[in-house]
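# Reading the structure
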Amino acid sequence: MKIKVLDTTLRDGEQTPGISLTASEKLRIATKLDEIGVNIIEAGSAITSHGEREAIRNITSEGLNAEIASFARAVKIDVDAALECDVDSVHLVVPTSNLHIQHKLKKSKEEVLSQAIEASEYALDHGLIVELSAEDATRSDMNYLKEIFNSGVDVGVQRICACDTVGMLTPEKSYEFYSELSTIKAPLSVHCHNDFGLAVANTLGAIRAGASEFHCTVNGIGERAGNASLEEIIVSLKTLYGKGQNYTIEDNGSSIYQTDINIQELYSTSKLVSRLTGVYLQPNKAIVGENAFAHESGIHADGVIKNAATYEPIVPELVGHKRKFIMGKHIGTKGLKNNLDELGIKATDEQFKEIFEKVKSLGDMGKCVTDVDLQAIAYNVLELKREQKVKLEEVTIVSGNKVIPTASIKLKIDDKDILEAGVGIGPVDAAIVAVKKGISDFADVELEEYHVDAITGGTDALIDVIVKLRLGDKIISARSTQPDIINASVEAYLSGVNRLLEDVK
Ligand code: MN
């Protein structure tokens, strides 16, 4: 059975608090969603603003394969706004619970019903595909819900959707609820919110009950606790309803439920959306979190190296992710060996033992050892002297409430003095911009992630900066701990750069 995917990430992350994507960011995400095989993209809510309509028009004029939809209330002005944007369809939403009808709309049920049908007919008359959607459906009277849907189907709406607006379903209730609605003569869609962390489970329950389309967002972003997450549903459908752990890319189609989604692009899609929305993921986020395939403890890492299936439900490459071994107090010899191999460091048994002890004792102090730390430890033990290609000689910052943050830097690269300046949004940004310019002739290093922590409580706290840098397809992390946030940021960045350049040689 083929399941359609309607992605609502672009409706500003289904109204994730604080998110407002620009038109070009929306277009980038829409293009990616289209590339990975999303069937229907809800590009926004056309009535919202002039800028929103512009953003939706940008997407509709791109000629993507996906059907492009606008959110609309069951009112003429919303449908008109959608028409202005040249969308293929409207996600036409009517509240159906007494709570919403009486307290929000202050209308009668009859009024809401006739409004829904009028708006549906109006949209259909103007050539739009209509997905008639019941808001707060799971807290509505079932007879009324069916009456609205059946009346919609009678006038020709192409799909119906029942929303679990405040995430009140359980997987069992979801199965029963959508089973009952699946008797209506139109394709049924499920829209679940994650207030109890059950959005994905409830969506799967609905699909099992006969829903042939599901609504989702990338990374599960959305208002309050978010929506059902695209990647979790897709991977569940492909593996848990298919060949389980033995699932391989070649098995595409072995699941009872198929979708058009290219599973290998899930991680890169997640990264793109988190970068553009600024909503970063918890490390333990299923499927796409940074720790989803990370192993630290000795027993686990040992098992994974012998046979990854021991502690991984799918291989990370299936979703375009990567396995990694974290170095901390739980690290075992196998995991450490693996990391040293990746750094190209060959140690004798005795040297290895010493490196192992050092990493363990840093772990005991609560420190997580980054690649750069490990390399420093290892080089130290191996008594190798590291020649730093890029050295920081000076950094000067000008910042304040009336000036544009500006940084000037002096670097020594292979005994050559390099002077550069940069401006930024703040002093750290300015300093990194200047450093980037300084090394631009030597390497095109991208800053993938920047993370800062104050170790102690006061304004004189020690600042711990961790950066993740990319050069080509090589990614490394580096860290610096100093009282000054600018020095810490520049030092972490440069230590990462030096490591990357070393590997290039
Ligand atoms: Mn919603």
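Everything here concerns the structure above.
Residue numbers here run from 1 along each chain, matching the order of that chain's written sequence. For this predicted model, a pLDDT threshold of at least 70 governs which residues receive local features, and a threshold of 80 or more governs which side-chain atom pairs are given and counted, while totals over whole chains, interfaces and linings are taken from all residues.

## A look at the overall build of the chain
Helix and strand counts for the chain stand at 17 helices and 16 strands. Summarising its shape, the C-alpha atoms of the chain cover approximately 80 × 55 × 45 Å along the three principal directions. Considering the chain as a whole, with its 505 residues, one finds that 42% of them fall into the buried category. Contact between residues is assigned whenever the C-beta positions, reconstructed from backbone atoms, fall within 7 Å. In the chain, 65% of the contacts between residues at least 6 apart in sequence involve partners at least 24 apart. Helix and strand assignments follow DSSP, with helices taken as H or I runs no shorter than four residues and strands as E runs no shorter than two, numbered in order from the N terminus. Every C-beta atom is placed from the backbone, and the number of other C-beta atoms within 10 Å of a residue's own sets its class: buried at 20 or more, exposed at 12 or fewer, partly exposed in between.

## A closer look at the sheet that holds strand β14 (residues 446–454)
Sheet strands associate in pairs through backbone hydrogen bonding, adopting either a parallel or an antiparallel arrangement. A pair of strands is considered paired only if DSSP assigns at least 2 bridges between the two. Read from one edge to the other, the open sheet built from 3 strands follows the order β14-β15-β16, with strand pairing classed as antiparallel. The two strands at the open ends of the sheet, each matched to only one other strand, are β14 and β16 (474–482). Ignoring which end each strand starts from, the neighbouring axes of this sheet average 15 degrees apart. By the bridge criterion, 8 bridges tie β14 to strand β15 (residues 463–471) in an arrangement that is antiparallel. Note on β15: the bridge partner recorded for V452 is V465. Note on definitions: angles span 0 to 180 degrees between N-to-C directions of axes, and those axes are lines fitted to C-alpha atoms, for helices only across the stretch in contact.

## Comments concerning the sheet that holds strand β6 (residues 159–164)
Strand order around the closed barrel formed by 8 strands is β1-β2-β3-β4-β5-β6-β7-β8, with parallel pairing between neighbours. Across the sheet, the mean angle from the axis of one strand to that of its neighbour is 25 degrees, orientation sign disregarded. As judged from the 2 bridges shared by strand β1 (residues 4–7) and strand β2 (residues 40–45), these two strands associate in the parallel manner. Bridge pairing in β2 links L6 to I40. Sheet contacts for helix α6 (residues 109–125): β4 (89–95) and β5 (129–135); angle to β4, the most-contacted strand, approximately 175 degrees.

## Brief notes about helix α13 (residues 333–342)
Every buried residue belonging to α13 is among G335, L336 and N339, and all of these are buried. All buried residues of α13 project into a common sector of 95 degrees when viewed along the axis, lining one side. On its buried face, α13 sits against β9 (294–295), α12 (298–306), β10 (324–325), α14 (349–364) and α15 (371–381). After α13 finishes, the residue G344 shows a positive phi value of roughly 70 degrees. Note that the arc is defined by the directions from the helix axis to the C-beta atoms.

## Some remarks on the packing of helix α2 (residues 23–35) against helix α3 (residues 50–60)
Running from N to C, α2 and α3 cross one another at 35 degrees; their axes reach a closest spacing of 9 Å. The chirality of how α2 crosses α3 is right-handed. The residues of α3 that touch α2, namely those facing A23, K26, L27 and A30, are G51, E54, A55, N58 and I59. Residues of the contact of α2 with α3, tallied by class, amount to 5 nonpolar, 2 polar and 2 charged. Handedness of a crossing is defined here by the sense of rotation of the near helix relative to the far one, left-handed for an anticlockwise turn of less than a right angle and right-handed for a clockwise turn. Ten residue types, Ala, Val, Leu, Ile, Met, Phe, Trp, Tyr, Cys and Pro, are classed as nonpolar, four, Asp, Glu, Lys and Arg, as charged, and the remainder, Gly among them, as polar.

## Some remarks on the nonpolar core
Only buried Ala, Val, Leu, Ile, Met, Phe, Trp, Tyr and Cys residues enter a nonpolar core, and they are joined through C-beta atoms within 7 Å. The biggest cluster of nonpolar side chains holds 87 residues, and the ones touching the most others in it are I41, A43, A82, V90, L92, F214 and I233. For I233, the contacting residues outside a window of four places in its chain are V200, T203, L204, F214, C216 and A228.

## Let's talk about the environment of L447
Tracing the sequence through the fold places L447 in strand β14. Excluding anything up to four places from it in sequence, L447 contacts I432, V467 and L469.

## So, the pairing of β15
Here 9 bridges tie β15 to β16, and the two strands are oriented antiparallel to one another. Across the sheet, residue K468 finds its bridge partner in β16, namely S477. Counting the residues that bridge the hairpin from β15 to β16 gives 2 residues, and of these G472 lies at a positive phi of roughly 60 degrees.

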